[in-house]
Amino acid sequence: MSQKTNTLLIVLSAPSGGGKTTLCEQMLRDNRNISRAVTCTTRAPREGEKDGVDYYFLSAEDFLKRVQAGNFLEHATVYGNSYGTLKSEVLGKLRAGKDVLLAVDVQGAAAIRAQAEGDPELARALVQVFLTPESLAVLEQRLKKRGKDAPDAIKKRLAVARQEIAQWKHFGYLVISTSVAEDVRRMQAIYDAEKMRQARANAPEG
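Residues numbered from 1 in each chain as written. Predicted model: local features only at pLDDT ≥ 70, side-chain atom pairs only at ≥ 80, totals over all residues. Heavy atoms only, no water.

J.: Can you break down the packing of aromatic side chains residue by residue, with the values?
T.: For the coordinates displayed, the defined rule picks out four aromatic pairs. Consider the rings of phenylalanine 130 and phenylalanine 171, whose centres lie 5.2 Å apart with planes at 50 degrees: the pair is tilted. Of this pair, phenylalanine 130 sits in strand E8 (residues 126-133) while phenylalanine 171 sits in the loop between helix H7 (151-165) and strand E9 (173-177), placing them 41 residues apart in sequence. Assessed through its relative accessible area of 9%, phenylalanine 171 is described here as buried. Feature note: the residues Tyr55, Phe57 and Tyr83 constitute an aromatic cluster, connected by ring pairs. One Lys or Arg, arginine 113, reaches over the ring of phenylalanine 171 and ends 5.1 Å from the middle of that ring. (Phe/Tyr/Trp six-rings, centres within 6.5 Å; stacked < 30°, edge-to-face > 60°. Helix = DSSP H or I, 4+ residues; strand = E, 2+ residues; numbered from the N terminus. Buried < 20%, exposed > 50% of the residue type's maximum accessible area, 1.4 Å probe, protein only. Lys NZ or Arg CZ within 6 Å of the ring centre and 35° of its normal.)

Encoded structure:
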């Protein structure tokens, strides 16, 4: 009888300023079997960045060819640069026994969800988590505290966040963000539980 694989593709989404980057970094530090998928981008490498480690750096032409060939699980253009997650990158890690953690926006999560509908391997591995503060007011406080954006930019981010938060029902889990430590604890609980799901388990040896 063939062994089932219990490797996970964990897709984490949150509105801008929701804390998904910090949460991902902590999960990667705490769990040796979780890896991140290296993303493709058309932007130029920054100082110290290595191709194939930080990103796969592609020309706009090469990126477009890959889009047309259906190579990406999800892709988006942000501030004139394109970013995408290769299906082969994710499946390669899952097949090698590694869990994959992806932090994407709600559109990226929707694209991955759609791909999984037609791909049993992805569907079996997929775990979707939506992280958000309890209210837009709390999110606004966080964005102001971060000090990265002008008031007009914060207003725009909040308008987008309102639409993003409305998508929470499409995710398997909802984590209401409180503190970093509590967010990590809840995310770890989801991860541990998903690894033990009966559908992914192999029978104990008799």
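J.: Account for the side chain of arginine 113, with residues named and values stated.
T.: Structurally, arginine 113 can be placed in helix H4 (residues 106-117). This buried residue, arginine 113, is left without a salt bridge; glutamate 117 holds the nearest opposite charge, at 6.6 Å. With residues up to four places along the chain from it excluded, the contact list for arginine 113 reads Leu126, Gln128, His170 and Phe171. (Lys, Arg positive; Asp, Glu negative; His and termini not counted. Salt bridge = Lys/Arg side-chain N within 4 Å of Asp/Glu carboxyl O. Contact = heavy atoms within 4.5 Å.)

J.: With reference to specific residues and values, describe helix H8 (residues 180-195).
T.: In this model H8 runs 22 Å from its N-terminal to its C-terminal C-alpha over 16 residues, within 8% of the 22 Å that 1.5 Å per residue would give. Burial in H8 covers these residues: Asp183, Val184, Met187, Gln188, Ile190, Tyr191 and Glu194. Down the axis of H8, the sector holding all buried residues measures 160 degrees, keeping them to one side. (Expected span 1.5 Å × (residues − 1). Arc of directions from axis to C-beta.)

J.: Break down the packing of helix H6 (residues 136-146) against H7 for me, citing the residues and quoting the values.
T.: The contact between H6 and H7 brings their axes to 11 Å, and the two run at 140 degrees. In terms of orientation, H6 lies oblique with respect to H7. Relative to H7, the crossing made by H6 is right-handed. Residues Leu136, Leu139, Glu140, Leu143, Lys144 and Arg146 of H6 form the contact with H7, whose own contacting residues are Ile154, Arg157, Leu158, Ala161, Arg162 and Ile165. In terms of residue class, the contact of H6 with H7 is made up of seven nonpolar, no polar and five charged. (Axes fitted to C-alpha atoms, helices over the stretch in contact; angles between N-to-C directions. Parallel < 35°, antiparallel > 145°, perpendicular 65-115°, else oblique. Left-handed = near helix turned anticlockwise from the far one by under 90°. Nonpolar A, V, L, I, M, F, W, Y, C, P; charged D, E, K, R; others polar.)

J.: Mind laying out the side chain of lysine 20, listing which residues take part and the relevant values?
T.: Inspection of the secondary structure puts lysine 20 in helix H1 (residues 20-30). The charged side chain of lysine 20 is buried without a salt bridge, its nearest counter-charge being glutamate 164 at 6.8 Å. If we ignore the near neighbours within four places in the chain, the residues touching lysine 20 are Leu12, Ser13, Ala14, Ala103, Val104 and Leu131.

J.: Pulling in residues and values, what's your account of the nonpolar core?
T.: Membership of the largest hydrophobic core comes to 20 residues, with the highest contact counts inside it found for Leu9, Val90, Leu102 and Ile112. For this core, the secondary-structure elements that each account for two or more residues are strand E1 (9-13), helix H3 (87-95), strand E7 (99-103), H4, helix H5 (120-125) and E8. Element by element, the count of residues in this core is highest for H4, at four residues. Once residues within four sequence positions are removed from consideration, leucine 102 is found in contact with Leu9, Ile10, Val11, Leu12, Ala37, Thr85, Val90 and Ile112. In terms of nonpolar packing, the next biggest core, distinct from the first, is built from 17 residues, Ala14, Cys24, Leu101 and Val175 among them. (Core = buried A, V, L, I, M, F, W, Y, C linked by side-chain atoms within 4.5 Å.)

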